[in-house]
Amino acid sequence: MRLWGSNSARYSIFKQDLHVLATALGIEIRLAHYLPYTSKYKPIEHQPFPQVSWGCRGIIFDALETVRDVMAKAATKTGLTVVTTIIDKVYQKGQTATDEFKQEMPIRFNEYLQQWNYIAQPQPT
């Protein structure tokens, strides 16, 4: 399952992996993507960035662990902390959704902004 990386609303591979996860958990998973060019409305992303940037001033990044440690020290006055993880897994490139999945598409799209809002339904048993 590849839920890291290409999680765009445009990619069928993400929808296929989401369907696999919904089936494994036995629940419906509702997903709402932010529309393109609206990242400025994602408030959680903007809260830690200034603290991370300030912590990186004057630091020479000589190793990945250095970056992780500097980012992990970032925190806000309100108590927001940064949790860092290094994922050293090598992901395969060029994977696509199966033709069978694309034809059946067990994804239920919402009426409003259906390209970005949908529900992954579990496989019936």
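A brief look at the structure comes next. (Residues numbered from 1 in each chain as written. Predicted model: local features only at pLDDT ≥ 70, side-chain atom pairs only at ≥ 80, totals over all residues. Heavy atoms only, no water.)

1. As for the overall build of the protein chain
Okay, step 1: Helices and strands together make up the secondary structure of the protein chain, namely five helices and three strands.
Okay, step 2: Its helices and strands taken in sequence order, the protein chain reads α-β-α-α-α-α-β-β from the N to the C terminus.
Okay, step 3: In the protein chain, which comprises 125 residues, the share counted as buried stands at 23%.
Okay, step 4: Counted over contacts in the protein chain with a minimum sequence separation of 6, partners at least 24 positions apart contribute 54%.
Okay, step 5: Counting every atom, the protein chain has about 9,600 Å² of accessible surface; 55% of that belongs to carbon and sulfur. (Helix = DSSP H or I, 4+ residues; strand = E, 2+ residues; numbered from the N terminus. Buried < 20%, exposed > 50% of the residue type's maximum accessible area, 1.4 Å probe, protein only. Contact = heavy atoms within 4.5 Å. Areas by Shrake-Rupley, 256 points an atom, 1.4 Å probe, with all protein chains shown as cover.)

2. Details of the nonpolar core
Okay, step 1: Counting 10 residues, the largest nonpolar core consists of Phe14, Leu18, Ala22, Ile29, Leu31, Ala97, Phe101, Ile107, Tyr118 and Ala120.
Okay, step 2: Secondary-structure elements contributing two or more residues to this core are α1 (12-25), β1 (29-32) and β3 (117-120).
Okay, step 3: It is α1 that contributes the most residues to this core, three residues altogether.
Okay, step 4: Residue contacts for Ala120: discarding those within four places in its chain leaves Leu18, His19, Ala22, Ile27, Glu28, Ile29, Pro106 and Ile107. (Core = buried A, V, L, I, M, F, W, Y, C linked by side-chain atoms within 4.5 Å.)

3. A short note on the environment of Cys56
Okay, step 1: Tracing the backbone through its elements, the reader meets Cys56 in helix α3 (residues 49-56).
Okay, step 2: Cys56 sits in the partly exposed class, given a relative accessible area of 22%.
Okay, step 3: Measuring from C-alpha to C-alpha, the distance between Cys56 and Val70 comes to 6.6 Å, with 14 residues separating the pair along the chain.
Okay, step 4: When near neighbours in sequence (up to four residues on either side) are disregarded, Cys56 contacts Phe61 and Val70.

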